[in-house]
Amino acid sequence: MTHGMRTETHPQNLGERRDWRETATHYALLPLRIFLGVTFIYAGLDKLTDSAFMKASGSGSIGDMMRTVRDSSAIPALVDLSLKNPVGFGYAIAFGELAVGIGTLLGILARLAALGGALISLSLWLTVSWASDPYYYGNDLPYLFCWTPLVLAGASYWSLDAVIRRRRRSAY
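These figures come from a predicted structure and were not determined experimentally.

With respect to the overall build of the protein
Then comes step 1: Across its full length, the protein holds eight helices and zero strands.
Then comes step 2: Going from the N terminus to the C terminus, the protein shows its helices and strands as α-α-α-α-α-α-α-α.
Then comes step 3: For the protein, whose C-alpha radius of gyration is 20 Å, the value lies well above the compact-globule estimate of 16 Å for 172 residues.
Then comes step 4: In the protein, which comprises 172 residues, the share counted as buried stands at 33%.

Dropping the structure here:
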């Protein structure tokens with residue numbers, strides 16, 4: 001006697017009714033995707049519109065912040081790299097956050113966007129948030145772990161990735 005493994009837990013036919021548990025499971029990552037997408041878009045726009053942030057020195061500038069965290073970061077060499085061109089680094093982070101946020105919110109290359117978000121969060125944790133004591137006061141580590149399910153699962157529903165996937169399947 002052989003035992004099969006059920007891999008699909010959602011009804012394939014749109015006409016079938018789901019109970020609330022199946023519906024909740026189906027859309028479980030959607031609130032996380034919306035939160036992270038909106039937050040990263042906001043963070044990127046906030047950096048781009050803050051006149052003090054995009055400067056090499058001065059109060060509230062990216063350069064001043066990076067110099068402040070240099071000695072307490074886990075990887076001072078990464079901070080030193082950013083200090084070679086702090087304004088360029090600030091723009092890279094801001095546009096990276098925008099790209100990640102838009103990709104996540106709209107579900108465009110969602111796994112790649114989530115990986116980008118995880119890498120941004122990891123780099124910020126290892127530099128800016130590293131000295132937070134206790135560690136859970138720093139917000140970048142939880143963001144890193146919030147990106148993990150989206151890296152693994154992508155954006156299966158309400159996404160451009162899903163639309164493209166459906167069109168490819170129907171073409172064959």
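Alright, that's what it looks like, and here's the rest.
So, a positive patch on the surface
Then comes step 1: On the surface, a cluster of positive charge is contributed by Arg111, Arg165, Arg166 and Arg169.
Then comes step 2: At three residues, the largest contribution of residues to the positive patch is made by helix H8 (residues 160-171).
Then comes step 3: Residue placement: Arg111 occurs in helix H6 (residues 110-127).
Then comes step 4: Taking the relative accessible area as the measure of exposure, Arg111 reaches 46% and is therefore partly exposed.

Quick word on the side chain of Arg33
Then comes step 1: By the element assignment, Arg33 lies in helix H2 (residues 30-49).
Then comes step 2: Notably, Arg33 is buried but unbridged: the nearest opposite-charge side chain belongs to Asp161, and the N-O separation is 8.0 Å.
Then comes step 3: For Arg33, the side chain forms a polar contact with the main-chain oxygen of Thr104, separated by 2.8 Å.

Focus on the packing of aromatic side chains
Then comes step 1: All told, the structure shown has nine aromatic pairs when counted by the stated rule.
Then comes step 2: Where Phe40 meets Tyr143, the ring centres are 6.1 Å apart and the plane angle is 65 degrees; that geometry is what we call edge-to-face. Here Tyr143 lies in helix H7 (residues 140-153) and Phe40 lies in helix H2, a separation of 103 residues in the sequence. Here Phe40 and Tyr143 have matching classes, each one buried.

As for H6
Then comes step 1: Here H6 contains 18 residues, and its C-alpha end-to-end distance of 26 Å stays within 8% of the 26 Å for a straight helix at 1.5 Å per residue.
Then comes step 2: Among the residues making up H6, those that are buried are Ala110, Ala113, Ala114, Gly117, Ala118, Ile120, Ser121, Leu124, Leu126 and Thr127.
Then comes step 3: Looking at the buried side of H6, the elements it contacts are H2, helix H3 (62-69), helix H4 (76-83), helix H5 (86-106), H7 and H8.

Structural notes on the packing of H3 against H5
Then comes step 1: Where H3 meets H5, the closest approach of the two axes is 8 Å, and the angle between their N-to-C directions is 100 degrees. Compared by their axis directions, H3 and H5 come out roughly perpendicular. Two secondary-structure elements touch here, H3 through Ile62, Gly63 and Met66 and H5 through Pro86, Val87, Phe89 and Gly90.
Then comes step 2: Of the residues belonging to the contact of H3 with H5, the class tally is five nonpolar, two polar and no charged.

Digging into the nonpolar core
Then comes step 1: In terms of nonpolar packing, the biggest core is built from twelve residues, these being Leu36, Phe40, Val100, Ala114, Ala118, Ile120, Leu124, Leu141, Tyr143, Leu144, Trp147 and Leu150.
Then comes step 2: Top element by residues in this core is H7. It accounts for five residues.

Quick notes on a nonpolar patch on the surface
Then comes step 1: A cluster of nonpolar side chains, contributed by Ile102, Leu106, Ile108, Leu109, Leu112, Leu115, Leu119, Leu160, Val163 and Ile164, occupies part of the molecular surface with about 850 Å² of accessible area.
Then comes step 2: Listed by contribution, the elements that provide at least two residues to the nonpolar patch are H5, H6 and H8.
Then comes step 3: Mapped onto the elements, Leu112 comes out in helix H6.
Then comes step 4: You can call Leu112 exposed: its relative accessible area is 57%.

Basis of the calculations
- Residues numbered from 1 in each chain as written.
- Predicted model: local features only at pLDDT ≥ 70, side-chain atom pairs only at ≥ 80, totals over all residues.
- Heavy atoms only, no water.
- Helix = DSSP H or I, 4+ residues; strand = E, 2+ residues; numbered from the N terminus.
- Rg over C-alpha atoms; globule rule 2.2 N^0.38 Å.
- Buried < 20%, exposed > 50% of the residue type's maximum accessible area, 1.4 Å probe, protein only.
- Patch = residues over 30% accessible without salt bridge, like charges linked within 9 Å, V, L, I, M, F, W, Y side chains within 5 Å.
- Areas by Shrake-Rupley, 256 points an atom, 1.4 Å probe, with all protein chains shown as cover.
- Salt bridge = Lys/Arg side-chain N within 4 Å of Asp/Glu carboxyl O.
- Lys, Arg positive; Asp, Glu negative; His and termini not counted.
- Charge placed at Lys NZ, Arg CZ, Asp CG, Glu CD.
- Polar contact = N/O pair within 3.5 Å; in protein donor to acceptor, adjacent residues only side chain to side chain.
- Phe/Tyr/Trp six-rings, centres within 6.5 Å; stacked < 30°, edge-to-face > 60°.
- Expected span 1.5 Å × (residues − 1).
- Contact = heavy atoms within 4.5 Å.
- Axes fitted to C-alpha atoms, helices over the stretch in contact; angles between N-to-C directions.
- Parallel < 35°, antiparallel > 145°, perpendicular 65-115°, else oblique.
- Nonpolar A, V, L, I, M, F, W, Y, C, P; charged D, E, K, R; others polar.
- Core = buried A, V, L, I, M, F, W, Y, C linked by side-chain atoms within 4.5 Å.

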